[in-house]
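Here is how the chains run, residue by residue.
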Amino acid sequence: MNEAIKILERWHGVEVEVKDPQRLNHKITANFESESIVRIMDLIRMTSFIDYKIEGKKVYLKKR
């Protein structure tokens, strides 16, 4: 998840804040080309126990 967060921040110009550090232990494998940050976060939410909230350029990750 750490690497995915770095990529999301770089590609989408957002800052990701992890409210629950346990979420960083989640493993994710995916290939995206031009999906929006909302679409990517929706897919992560559907396939994990991670929820999110976007406020401006800040994305908050938390336990669902």
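Before reading on, note that the structure itself is shown above.
Residues numbered from 1 in each chain as written. Predicted model: local features only at pLDDT ≥ 70, side-chain atom pairs only at ≥ 80, totals over all residues. Heavy atoms only, no water.

Caption draft 1: Layout of the nonpolar core. Of all hydrophobic cores here, the largest spans 13 residues; its most connected members are Met1, Val16, Ile37, Met41, Ile44, Val59 and Leu61. Ranked by residue count, the leading element in this core is helix H2 (residues 37-47), at four residues. (Core = buried A, V, L, I, M, F, W, Y, C linked by side-chain atoms within 4.5 Å. Buried < 20%, exposed > 50% of the residue type's maximum accessible area, 1.4 Å probe, protein only. Helix = DSSP H or I, 4+ residues; strand = E, 2+ residues; numbered from the N terminus.)

Caption draft 2: Region of the structure containing the packing of aromatic side chains. By the definition in use, this model includes zero aromatic pairs. A cation over a ring is seen here: lysine 53 above tyrosine 60, with NZ or CZ 5.8 Å from the ring centre. (Phe/Tyr/Trp six-rings, centres within 6.5 Å; stacked < 30°, edge-to-face > 60°. Lys NZ or Arg CZ within 6 Å of the ring centre and 35° of its normal.)

Caption draft 3: Structural view of the layout of surface pockets. In this model, the largest pocket occupies a volume close to 240 Å³. In terms of lining residues, the largest pocket is bounded by 13 residues, among which Ala4, Ile7, Ile28, Ala30 and Phe32 are the most central. At five residues, the largest contribution of residues to the lining of the largest pocket is made by helix H1 (residues 2-12). Of the residues assigned to the lining of the largest pocket, the class counts are ten nonpolar, two polar and one charged. (1 Å grid on protein atoms, 1.4 Å probe; cavity = no way out; pocket = protein on both sides within 12 Å on 5 of 7 lines; lining within 4 Å. Points joined across faces, edges and corners; volume = space filled by probe spheres on them. Nonpolar A, V, L, I, M, F, W, Y, C, P; charged D, E, K, R; others polar.)

Caption draft 4: A look at H2. Of all the residues in H2, the buried ones are Ile37, Ile40, Met41 and Ile44. The buried side chains of H2 occupy one side of the element, clustering within an arc of 95° when seen end-on. (Arc of directions from axis to C-beta.)

Caption draft 5: Just the pairing of strand S3 (residues 58-63), in detail. Sheet topology places strand S1 (residues 15-18) next to S3; four bridges connect them, and they run parallel. Opposite glutamate 17, over in S3, you have tyrosine 60 as the bridge partner. Judged from the six bridges that link them, strand S2 (residues 50-55) and S3 form a sheet pairing that is antiparallel. Looking at the pairing, isoleucine 54 lines up with valine 59 of S3. Between S2 and S3, which follow one another and run antiparallel, lie two residues, and glycine 56 among them has a positive phi close to 65°. (Pairing = 2+ DSSP bridges.)

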